[in-house]
Structures are given as structure tokens and as C-alpha cells.
Amino acid sequence: MERYFEELLGVNPVTALFTLANTLVLFYVLKKYLYAPVMKMIEDRQKEIDDMYSDADSARNQAQVLESEYKEKLSVATETGERIVKEAVARGQSREEEIIRQANQDASAIMDKAAADIAMEKKKAINDAKDEISGIAVAIAEKVVARELNAADQADLVDHFINELGDEL
């Protein structure tokens, strides 16, 4: 029968059985020594990938938190900068007003001093003119009267002449 089977199929049953046993042993050995380590390596790799995704999500969440903190700090810094600029502008305007007020006071003081100087120079010029006129008046009076006047007469005559001259001015 063995021979008939071999002739019919062209396969020796012992060889086929031996090949089948070898294949089963090979599958067992491969499963034990190759499939299990490969599956463990795949599971480890999958765990690494999952950890990387978890770390990436954590990093993204942390980046979002840092971004919101940055935006908040930037907003505070912007507000602070605007406040500082406003304060500087207000101080500048206050200083400008103070400088203008001081300049106006200085100009007013200069104008007052100039007016006082002008009044004093005018008074001095009038006094000088009075002195000169009184000298001329005395000289004229001496010639007209042809005599010398004493001090009291001279003073009366000068005062009279100055009063008349002052009324004309």
C-alpha cells in the first residue's frame, strides 16, 4: 500500500510525515524563539511610540501654558510701557508749562527792570536838564538884573523857572 500511495501521489509517506514533523518543530521553534521576541520587540516599540505621543502631548500642553503666560506677560508689559509713556508725556508737559511760566516771569522781570531803568534815566535826564537850565537861568538873571543874587534869591528864581518849565512839559 505504501508503494501504491507513493505511485499515486508521487510522495513517500515517511518522507511526507518527516517533512510534516520538521515543519511543526520548525513552527514551534520559530514561535518560541522568533515570534515571541519579535512580538515583545513590537510591543516595546509600540510602548515607545505611545510614550513619545504622550510626551509630545504633554510638551504641547506645556507650550500652550507657556504661550498663554507669555501673552499675559506681554500684555502687562505693553500696559506698563503705555503707562510709562503717558507719565513721561505728562511730566514733559508739566515741565514745559513750568519752563514757559518761568520764562514769562523772567521776561516780566526784565520788562519791569527795563521800565524802571527807563523811568530812572528819564528822571536823571530831567534832573540834568533842570540843573543845566537853572545854571542858564541864573546866568540870564544875573545879566538881566546886573547884579549877583544871593543864595535864597537864586533858589527862589530857579524854583519859579522850573515850575513854569514843568507846566509846559
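About the cut-offs
- Residues numbered from 1 in each chain as written.
- Predicted model: local features only at pLDDT ≥ 70, side-chain atom pairs only at ≥ 80, totals over all residues.
- Heavy atoms only, no water.
- Helix = DSSP H or I, 4+ residues; strand = E, 2+ residues; numbered from the N terminus.
- Buried < 20%, exposed > 50% of the residue type's maximum accessible area, 1.4 Å probe, protein only.
- Areas by Shrake-Rupley, 256 points an atom, 1.4 Å probe, with all protein chains shown as cover.
- Salt bridge = Lys/Arg side-chain N within 4 Å of Asp/Glu carboxyl O.
- pLDDT = per-residue confidence, 0-100.

## Side note on the overall build of the chain
- Counting its secondary structure elements, the chain contains 3 helices and 0 strands.
- Mapped in sequence order, the helices and strands of the chain form the string α-α-α.
- Per-residue burial over the chain gives 4% buried out of 169 residues.
- When the accessible surface of the chain is totalled, it reaches about 14800 Å², and 61% of it is carbon and sulfur.

## Observations regarding the pattern of salt bridges
- A complete count under the given rule lists 8 salt bridges for this structure.
- When the shortest N-O distance is used, the salt bridge between E98 and R95 registers 3.1 Å. With E98 and R95 both in helix α2 (residues 13-145) and 3 residues apart, the pair spans about one turn of that helix.

## A few points about the confidence of the model for the chain
- Within the chain, residue pLDDT values average 84, and 84% of them lie at 70 or more.
- Highest mean pLDDT in the chain belongs to α2 (89); lowest belongs to helix α1 (residues 2-9) (61).

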